[in-house]
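A closer look at the structure
Residues per chain, in single letters:
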Amino acid sequence: MVDNLGNNESTESCTDSVISCLPREGMEFDSEQDAHEFYTQYGWKTGFSIRREYGNRSRKTDQITSRKFTCSKEGFRGPDKRQEKVRHPKSPRPETRTGCLAHMTIKLSKTNGKYLICSFEAEHNHPLHIPSCSYLIRSNPKISEAQGSEVLLANDYSLCKQDHRNHLSTKRQRDMKYGEAGSLLKYFQTQLMENPSFYYAVQLDADEKIANVFWTDPRMIINYCHFGDVVSFETKFRSNKELRPFASFVGFNHHRETIVFGAALLYDETTASFQWLFETFLEAMSGKKPKTMFTDQDDAISKAVSLVMPETYHQFCISHMKQNAGKNLSQLFKGDCDFKKEFKACISQYEEVNEFLHAWDAMLDKYSIHDNSWLQKIFEVKEKWARPYIKYSFSAGIRSSNLSESLNSSLRNYLKSDMDLVQFFRHFERVFNDNWYKELESEYNSREKLPKFKIKAPMLMQTAVIYTNNIFQLFQSEYEEFQSAYITYRNESGPTHEYLVAICDQPTVYKVIGDPLEQSVSCTCRKFETHGYLCSHAVKVLDAMDIKYLPSKYISRRWSKDAWDESMKDQDGKNIQLTTKMKASMHYRYLCPKYVRLVARASECEEAYKFLDKCSADLSMKVEEIIQKGKDINEAAFETRDPLSLSTSYQKDESVKDFESSDIIRAKGLKN
């Protein structure tokens, strides 16, 4: 343990827990193992893994006389000689070392036989792990199984809760089994008791029976705050009457992995139900609307989207469109007919509107299908699926609403109508928790493992540090393609330069506008605008303008390692507006792991246990004083408000009042 140095004024002492101590030169330890545990705790709290670098021993006593502890990313890995001996070597392990110089060195004092910190370097040359991933750090101090369960419990988010209702003016289209409604509500009430942040909403039909149910979890809400710019609304099992009508709101995180924002059971699939669902979803997400939303091709869904989210760009799921095409044009999808190929080309191949319209008319003429009602119907909404139109909206690279295949396959057996409903919800929890763990693993690996370079270039070295590993690989593919790009025409006479860029063995030529002074580029393929990273054509023009590093304006925070840095900023770097309950929950989540570990540590020593027990009473009293002081201030402000504004209110949680009042108004509107 860290020792008090008494009268020795040349060194520092630390009487606090090792968790809260910072290394300082002169700090003393009873043993080398104590110093190792101290630096391990410091690394865990700061966000890096540590290792023993070297140690010197006395030849006479074999006692350690000095030891250097370093960041695990110290130095560089040497070549793996085993790979050279193998004819078909496996892909090498991901590189983890960056030559980091952070360290703590101790030496044995000859005067008192204790170990002193003689050298300490705090700066790292790599990103540190965020608190949520600290338990994945290799040198993380081990805790007991009981303590681990407490930490996991403490890591749960607590944000906001609401239980509100709305009514359909008609009866629901599908029935629930006898007793399921009671089980459903009992499950939700249990969730609220265990986690006050749990959010659910129930819609009733004209007979006061449950028509639709929506629920979300605080972790889903936080994910939406960060990555809710593009949402895919999936209704995978609508047509299968043997399965429960499950629907989900999903999207991509900054690792381009599927994440869940919310889920629903839809026993009614009218426009009114979808309108209620989308309004409820937005209320749960504090009114934040997505930039782009993908759904199946469905009239009721389309109308609901236009009513609730008119500013959101609505796109159709391409795979669902192709399935519908196979059903409505089955005769043309058989055999060696080229229609399928030409139909796909109309969806995604043509860059310009004129090219698309010409190809569409040619296809109709070739197969004499001008009178096909399904083709006429989808052409009327071509802005929702044809590439020349959708390339003007951000999509994060999504073209299909079938993002959650693994989620759906995991839930399928539990969605059978003869399965217990509560059992389905519990399985959904397990599946979601597994998905959440994978997110944290990806977050950890993005900081722990360096991406593989196919080409060593300044622009790639720059973006490897900023982008998450999956996005870096996508950008690296664009950089590889840039190597085979060539300029067919250039006009550099004005302040802005115009180029025509082509790729070897590819027929399409792209127009790129570049400005060397502003260090800006714009390509007609609009990959940056739709996907969030530059295309090979734009990189070719940057190279032609002798710009070797990617300008900061073309590095999207959405795909960066800092996109989910727990600082509560959105994709544009702006602070996310949190409700009072959400702020309280974030504070709860931050403090709980710290105090769980503090209690676990104090429990190991009788003296420390008694000391903490005594302090807890004083601490509790002080906290209550602060809270009461805040209440008194709020009540004084409340009493000074205009009494007319309080005529229809009653004593209740403010957020609940807001939700309930809006529900009452909306319910009346539907019933009338």
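In short, a report on the structure.

Topic: the overall build of the protein
Of the regular secondary structure elements, the protein holds 21 helices and 17 strands. In the protein, which comprises 672 residues, the proportion classed as buried is 47%. Contacts spanning at least 24 positions in sequence make up 65% of the contacts within the protein whose residues lie at least 6 apart. For the protein, the accessible area works out to roughly 35,100 Å², and carbon and sulfur atoms hold 51% of it.

Looking at a nonpolar patch on the surface
A cluster of nonpolar side chains, Leu591, Tyr595, Leu619, Val623 and Ile627, forms an exposed patch at the surface whose accessible area comes to about 430 Å². It is helix α20 (residues 606-639) that provides the largest number of residues to the nonpolar patch, a total of three residues.

Focus on the sheet that holds strand β14 (residues 485-491)
Note: strands within a sheet are paired through backbone hydrogen bonds, in either parallel or antiparallel orientation. Overall, antiparallel pairing links the four strands, which are arranged β14-β15-β16-β17 in an open sheet. Looking at the sheet topology across the chains shown, the edges are occupied by β14 and β17 (520-523). Direction aside, the axes of adjacent strands within the sheet are offset by 25° on average. Direction of pairing for β14 relative to strand β15 (residues 497-503): antiparallel, over a ladder of six bridges. Within β15, the position partnered with arginine 490 by the bridge is tyrosine 499. Strand contacts of helix α18 (residues 536-544): β14, β15, β16 (509-515) and β17, with the helix running at about 130° to β15, the strand carrying the most contacts.

Let's talk about the packing of helix α10 (residues 353-367) against helix α11 (residues 373-380)
The geometry of α10 relative to α11 is characterised by a closest axis approach of 13 Å and an angle of 175° between their N-to-C directions. If you check the angle between α10 and α11, you find them roughly antiparallel. Between α10 and α11, the residues in contact are Phe356, Leu357, Trp360 and Leu364 and Leu375, Ile378 and Phe379, respectively.

Describing the side chain of serine 232
The residue serine 232 is located in strand β9 (residues 230-234) in this model. Accessibility expressed as a relative area gives 0% for serine 232, which makes it buried. Polar side-chain contacts of serine 232 include one of 3.5 Å to the side chain of glutamate 234.

What counts and how
- Residues numbered from 1 in each chain as written.
- Predicted model: local features only at pLDDT ≥ 70, side-chain atom pairs only at ≥ 80, totals over all residues.
- Heavy atoms only, no water.
- Helix = DSSP H or I, 4+ residues; strand = E, 2+ residues; numbered from the N terminus.
- Buried < 20%, exposed > 50% of the residue type's maximum accessible area, 1.4 Å probe, protein only.
- Contact = heavy atoms within 4.5 Å.
- Areas by Shrake-Rupley, 256 points an atom, 1.4 Å probe, with all protein chains shown as cover.
- Patch = residues over 30% accessible without salt bridge, like charges linked within 9 Å, V, L, I, M, F, W, Y side chains within 5 Å.
- Salt bridge = Lys/Arg side-chain N within 4 Å of Asp/Glu carboxyl O.
- Pairing = 2+ DSSP bridges.
- Axes fitted to C-alpha atoms, helices over the stretch in contact; angles between N-to-C directions.
- Parallel < 35°, antiparallel > 145°, perpendicular 65-115°, else oblique.
- Polar contact = N/O pair within 3.5 Å; in protein donor to acceptor, adjacent residues only side chain to side chain.

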